[in-house]
Amino acid sequence: MTTTAPTTALMEASRKRLRRNARVVFRGAAAGLRPDPQELVSEWAENCRVVPEGGAIAGKWHNGVAPYLVEPMDALSPDDPCERVVIIKPAQSGGSAVAENWLGYIMHRTPGPAMYVGPTVKSAKDWYEEKLGPTIDASPVLSPAKGGVVMPRKSRSGEGSKADRIRFRGGYLLLAGANSAATLRQHSIRFMVRDDRSAWTDNADGEGDPKDLSDKRLKTYRVFGLSKVLDVSSPKLKGADIDADYEKGDRRRYYLRCKSCGDYTDFVWEDVIKSAAPPYRCHVKCPSCGTEHYEGDKPAMMAVENWIATVADADGVAPPKTIPKAEFAAWRNRDIGQRSIKSFAITGEINIFERWDALAVGEAEAGDDPEKRQPFENGDLGRGYEPKGEGPGWEVIAARKEDWHRGTLPAGVLYVTLTGDVQADGIYWSFLGWGPGKGSWHLDHGFLPGATDEPLAGAWPKLDQVADHGVNFGGVRIAADMIGIDSGYNADAVYAWVRRRHNALAVKGDDGWSKPAINRSKDAEVRTHGLSAGKAKRYGIKVWMIGTWSIKATLILFLGKLPKEGGEGLPTGYQHFATNTEQPYFEQLTAEFIKTVKAEDGSVRREFGQRGPNHWLDCWVYGYALTHFAGLWAWGEEQWDARARELSSMTKPDQADMFGSPGTTIAAAVPMPPDEPETPAQPMRAKKQDDGLSALAKLNQ
């Protein structure tokens, strides 16, 4: 009896523990098998999300503020069969809020492994700190401080959230960057947000397209139909990247309803009627009844159900631009077949956070400058930009030669660059002049034969002579303000030459549409011995990367521009050529063109084709990049005027000495800061397109 009682008690305790463990296993299994809750993402947002202080509209989330966001959110709900949602949008239109609401929904209602991918790892972390993190803290169901599902960063168990991994009950959110292949590996992901796609690199650490790499993370859940992806970004080029993904989907457009007759119209920016000058009094007119709608009417024209899939059905029928009120429901519910991608176009015309008059101001400021027009199309209107593929033939631009000679500085030039394209057998060089309105003068060019692999030998002393000679201006020789030499070939020799000149940069072309004119400097020289071997030299040469494709596309547009009718002046980016410019120069300047390549999946990409040598074209590209480095296009009237006076003062005759020595080369002022900058000066939108043009008149007085 004395041994049986303890044994019985021990067995009973063991049975209780087994039952408890069984219940834990049962609940865990049941949670895994339980269907996702019957709640739409938009319903969750209205019930649970709180917009933090500092947001545009702080406080409880209301779907009625931007009704066009509701349907994209609901497409991300578990009950919607689509696997992917694509949103193209203008900046500050609420598209990113869709991602924030969906991730909050996942954390609270459908926990699982999730990933947010930004252009870079840093941008992903910044997004969390500035957007999602404050949203979590402000929303009680999510906030760790208020008993929400997200775990605090500091946890005794070591299982709390970290800078790149936000944990919540039943799952986690990884923060990754398209620039880092390491962050896109080794994880099985069910939910993914790919943000700001137009700013992504096309090759992550040499391992391929980050979009393809991220797709592989979804493979396991996709097999069982459990994965979901949100792609959201402003588009960049028409038919490329996220714009191509939009075209693969059902192409939903948001129709605005007439306040009078009730008919629905898919308005585009070209439909907006505006005055020739501010105040623009922008408005649209109903095609059915002619009723005018102004900015204040925009909320009344919107409703949750205004989205229409515009892709053609099996019979090739697509909805019209204007749909009668009686037919709208039929068009909205028509059968277009089962599609795995729902794609939405949030445009500048429907953006509740942007005024039509503000868009008109942006359009006026962009003018005919392609470098300003593309950001307006992408960031303000939310649509892809279509670059001109083919410029005029060389014969056309050769016919526009002017009455001045190579090697001289004609009226209008207020800034000079010298650039070189290095080849094995010599160096192609080009002097370019620049003036207000992005005018460009092709001052002089040539080829210096000789070896380029040995520093300061072969062709390099000849380049010294070209740089020291400069260009002739009123009896004096003007040296280049800035010099850029291509370091893609025989780099060590380039570094040796550049190092000797305070106003020279080593540059290198960087293909791709997402690259700015001139961007990040890369350390080119590293230590070869000692404890610091392999590290960059503190004062070593830096190589500046040139976004060649965007600049070449700009030149194609510039070359096609003609003087304005009626003698009203010259257009932005007009190109000037000397009377003795030869045919080979024109041929090289027009040697490249934009071609469209169609992939097997139907998507298209645009890249440059070449029909002959392009060395002097490359020289122009480098020169234009140098003007961005110097911040030339941010100059105001006073700076252009001061430069004109400076050049005018150089033409005053000096008293010649008794030996009649030739004039000396005057080095123009170099706009470089005391310390070497880590990033180039960025151009700003000019208030007036012709800022500085009066300086040209003063130069010629």
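Residues numbered from 1 in each chain as written. Predicted model: local features only at pLDDT ≥ 70, side-chain atom pairs only at ≥ 80, totals over all residues. Heavy atoms only, no water.

(A) The sheet that holds strand β11 (residues 264-265), seen in detail. The 3 strands are arranged β10-β11-β15 in an open sheet whose pairing can be described as antiparallel. Two strands lie at the open edges of the sheet, namely β10 (256-257) and β15 (322-323), each paired on one side alone. When β10 meets β11, the two strands line up antiparallel, connected through 2 bridges. Directly across from L256, in β11, lies its bridge partner T265. (Pairing = 2+ DSSP bridges. Helix = DSSP H or I, 4+ residues; strand = E, 2+ residues; numbered from the N terminus.)

(B) Looking closely at the packing of aromatic side chains. With the rule as written, the count across this model stands at 26 aromatic pairs. Between W434 and W620, the aromatic rings sit 5.7 Å apart at their centres with planes inclined by 55°, giving tilted as the arrangement. You can see W434 sitting in strand β18 (residues 426-435) and its partner W620 sitting in helix α17 (residues 615-629), a full 186 residues away along the chain. In this pair, the class of W434 matches that of W620, namely buried. Relative to W497, the ring of W460 has its centre 6.4 Å away and its plane inclined at 35°; by these criteria the two rings are tilted. Remark: W497 occurs in helix α14 (residues 491-499) and W460 occurs in helix α13 (residues 460-469); sequence separation between them is 37 residues. W497 carries the same exposure label as W460, and that label is buried. An aromatic cluster of at least three residues, connected via ring pairs, comprises Y415, W434, F558, W620, Y624, W633, W635 and W640. One residue, R165, lies across the ring of Y172, its end atom 5.0 Å from the ring centre. A cation over a ring is seen here: R197 above W200, with NZ or CZ 6.0 Å from the ring centre. (Phe/Tyr/Trp six-rings, centres within 6.5 Å; stacked < 30°, edge-to-face > 60°. Buried < 20%, exposed > 50% of the residue type's maximum accessible area, 1.4 Å probe, protein only. Lys NZ or Arg CZ within 6 Å of the ring centre and 35° of its normal.)

(C) Looking closely at the state of the cysteines. Evaluated as defined, the whole model comprises 0 disulfides. Not part of a disulfide, C261 finds its nearest cysteine sulfur in C286, a span of 3.7 Å. (Disulfide = S-S within 2.5 Å.)

(D) The arrangement of unusual backbone geometry in detail. At the junction of P278 and P279, the peptide bond is cis and its omega measures out at -5° in the coordinates. Note that P279 resides in the loop between β11 and β12 (283-285). Despite not being glycine, D241 has its phi angle at roughly 55°, a positive value. Relative to the helices and strands, D241 is located in the loop between β8 (228-233) and α8 (242-248). Look at R281: it is not a glycine, yet its phi comes out positive at around 50°.

(E) Structural context of the pattern of salt bridges. Evaluation of the coordinates by the stated rule reveals 47 salt bridges. Note that R109 and E39 form a salt bridge whose closest N and O atoms lie 2.8 Å from each other. Taken together, the positions of R109 in the loop between α4 (95-108) and β4 (113-118) and E39 in the loop between α1 (4-33) and α2 (41-48) put the pair 70 residues apart, joining distant regions of the chain. We classify E39 as buried; its relative accessible area is 14%. Across the pair R197 and D231 runs a salt bridge, and its minimum N-O distance is 3.0 Å. Of this pair, R197 sits in the loop between β7 (191-195) and α6 (210-216) while D231 sits in strand β8, placing them 34 residues apart in sequence. The two residues R197 and D231 agree in class, both being buried. Residues joined in a network through salt bridges with shared partners are R84, R194, R197, D215, R222, D231, D241, D245 and K248. (Salt bridge = Lys/Arg side-chain N within 4 Å of Asp/Glu carboxyl O.)

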